[in-house]
Amino acid sequence: MSDGAVGPEEAGGAHIAPPAAVRVEGLWKRFGEQIAVAGIDLELPAGKFIGLVGPNGAGKTTTLSMVTGLLRPDAGKVLVGGHDVWQDPVAVKARIGVLPEGLRLFDRLSGRELLAYSGRLRGLPGDVVDRRATQLLDVLDLAGAQHKLVVDYSTGMRKKIGLAAALLHNPEVLFLDEPFEGVDPVSAQTIRGVLERYTVSGATVVFSSHVMELVESLCDWVAVMAAGRIRAQGTLAEVRGDAPTLQSAFLELVGANGRDSGESLDWLGGGAR
Ligand SMILES: Nc1ncnc2c1ncn2[C@@H]1O[C@H](COP(=O)(O)OP(=O)(O)OP(=O)(O)O)[C@@H](O)[C@H]1O
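An unreviewed UniProt entry lists the chain under the name ABC transporter ATP-binding protein, from Streptomyces agglomeratus. Looking at the chain in UniProt, the text filed under Subcellular location (unreviewed entry) is "Cell membrane".

What follows is about the UniProt feature "domain: ABC transporter" (unreviewed entry) in the chain. Taking the UniProt record as the reference, the feature "domain: ABC transporter" (unreviewed entry) is found at residues 22-252. When the span residues 22-252 is considered, its composition is 38% helix and 27% strand, and the gap between its end C-alpha atoms is 27 Å.

The next thing to look at is the site of the ligand. Neighbouring the ligand are Phe-31, Gln-34, Ala-36, Gly-54, Asn-56, Gly-57, Ala-58, Gly-59, Lys-60, Thr-61, Thr-62 and His-210. The element that contributes the greatest number of residues to the shell around the ligand is helix H1 (residues 60-67), accounting for three residues. Residue composition of the shell around the ligand, by class: three nonpolar, eight polar and one charged.

Further remarks concern the sheet that holds strand S4 (residues 34-45). On the basis of which strands lie adjacent, the open sheet formed by four strands has the order S4-S3-S6-S7 and antiparallel pairing. Edge positions in the sheet fall to S4 and strand S7 (83-84), since each of these pairs with one other strand and no more. Across five bridges, the pairing between strand S3 (residues 20-31) and strand S6 (residues 75-80) is antiparallel. Of the residues in S6, the one forming a bridge with Glu-25 is Lys-77.

Turning our eyes to something else, we now look at the pairing of strand S9 (residues 173-177). Regular strands place their side chains on alternate faces of the sheet. Counting buried positions along S9 gives five out of five residues, so the element sits mostly inside the fold. Going residue by residue along S9, you find Val-173, Phe-175 and Asp-177 tucked away on one face and Leu-174 and Leu-176 tucked away on the opposite face as well. Bridging between strand S8 (residues 96-99) and S9 involves four bridges; their strand directions are parallel. Its bridge partner lying in S9, Gly-97 is registered against Leu-174. Each parallel crossover has a hand, and the one from S9 via helix H6 (residues 185-200) to strand S10 (residues 204-209) is right-handed.

The subject of this paragraph is the nonpolar core. If you look at the biggest cluster of nonpolar residues, it comprises 68 residues, and the most contacted ones within it are Val-22, Ala-164, Val-173, Phe-175 and Val-206. The element best represented in this core is helix H5 (residues 155-167), accounting for six residues. Among all residues touching Val-173, those that are not within four sequence positions of it are Ala-21, Val-22, Val-80, Arg-95, Ile-96, Ala-203, Thr-204 and Val-206.

Ordered by their spatial adjacency, six strands build an open sheet running S8-S9-S10-S5-S11-S12, and the pairing between neighbours is mixed. Across the chains shown, the open sheet's two edge strands, defined by having one partner strand only, are S8 and strand S12 (229-235). In this sheet, neighbouring strand axes are inclined to one another by 15° on average, regardless of whether the strands run parallel or antiparallel. Strand contacts of H5: S8 and S9, with the helix running at about 170° to S8, the strand carrying the most contacts. Contacting strand S5 (49-53), strand S11 (221-226) and S12, helix H9 (residues 246-253) runs over the sheet at an angle of about 35° to S11.

Here we take up the packing of helix H3 (residues 111-121) against helix H4 (residues 126-139). The relative placement of two packed helices comes down to the angle between their axes together with the axis-to-axis distance. Running from amino to carboxyl end, H3 crosses H4 at an angle of 135°, the nearest separation of the two axes being 10 Å. For the element pair H3 / H4, the angle class is oblique. At the point where H3 passes H4, the crossing takes the right-handed sense. In contact with Gly-111, Arg-112, Leu-115, Ala-116, Gly-119 and Arg-120 of H3, H4 contributes Val-129, Ala-133, Leu-136 and Leu-137. Across the contact of H3 with H4, the residue classes break down as six nonpolar, two polar and two charged.

About the cut-offs
- Residues numbered from 1 in each chain as written.
- Predicted model: local features only at pLDDT ≥ 70, side-chain atom pairs only at ≥ 80, totals over all residues.
- UniProt positions renumbered as here; feature names shortened; annotations may be inferred.
- Helix = DSSP H or I, 4+ residues; strand = E, 2+ residues; numbered from the N terminus.
- Near = placed C-beta within 6 Å.
- Nonpolar A, V, L, I, M, F, W, Y, C, P; charged D, E, K, R; others polar.
- Pairing = 2+ DSSP bridges.
- Buried ≥ 20, exposed ≤ 12 C-beta atoms within 10 Å, placed from the backbone.
- Right-handed = clockwise from strand over helix to strand, strands pointing away.
- Core = buried A, V, L, I, M, F, W, Y, C linked by C-beta atoms within 7 Å.
- Contact = placed C-beta atoms within 7 Å.
- Axes fitted to C-alpha atoms, helices over the stretch in contact; angles between N-to-C directions.
- Parallel < 35°, antiparallel > 145°, perpendicular 65-115°, else oblique.
- Left-handed = near helix turned anticlockwise from the far one by under 90°.

If you want it as structure tokens, here you go:
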């Protein structure tokens with residue numbers, strides 16, 4: 001391993017644990033009075049499809065923003081492939097692809113121009129960018145819209161072109177914040193196929209979601225977050241435990257079972273008029 005990367009841990013001298021794709025230690029972020037992320041530790045294994053799940057406001061976006069070098073933590077450390085995100089940002093950025101929430105794209109470019117621009121920013125040769133862009137546009141069913149300005153793309157098309165831009169340099173780890181939000185079932189299936197193919201080759205996908213069925217059907221490994229803390233992390237089976245579904249395990253973990261589900265709204269509906 002070169003350029004100062006932290007090597008895999010020796011466990012008991014003989015067995016060498018597989019390196020984590022991402023290691024997070026004591027990560028904190030506070031916005032004024034609001035503690036968004038309260039000192040979390042994560043060890044995300046390489047080559048897995050990983051879901052970061054949690055209710056609204058749990059701290060998923062804040063975590064992913066810090067892990068990908070978009071937001072500076074108040075405290076804590078993040079290593080991607082053994083490289084520190086804040087001390088060695090260029091090495092980390094070369095290894096990751098990111099599809100952030102509410103992605104701002106250069107939307108006065110066409111889809112193809114956007115990919116050409118992203119590829120050149122990544123330092124890829126022009127012919128490689130052209131070839132990969134053609135393939136990605138094709139697989140993501142955007143070939144027909146490649147010369148249309150991105151500003152005129154639908155929400156799902158924007159997600160797909162953002163995904164193509166994030167994949168173009170073949171990163172080791174891909175971070176996706178709510179990649180399926182606003183995406184129709186056909187496009188979701190396409191995105192899913194691309195991501196499954198990508199992880200089979202040994203790459204890692206980390207995505208945030210609050211749709212449990214989706215996480216259950218896609219992920220090998222899950223981290224559950226609530227109120228800025230990690231409530232559970234491990235394989236899908238470990239996190240689900242004895243619960244029949246991930247959804248029920250999740251409700252239990254985040255303490256949502258037994259919450260008033262609207263009984264107090266006795267004025268709501270036709271009967272009370
Ligand atoms: N820039 C900010 N300024 C102030 N508070 C913020 C900021 N960003 C996030 N927060 C707060 O931090 C907490 C975590 O927000 P975050 O967006 O990380 O949650 P999330 O799990 O991604 O939620 P959702 O699923 O609704 O997108 C929330 O209470 C939110 O209001």
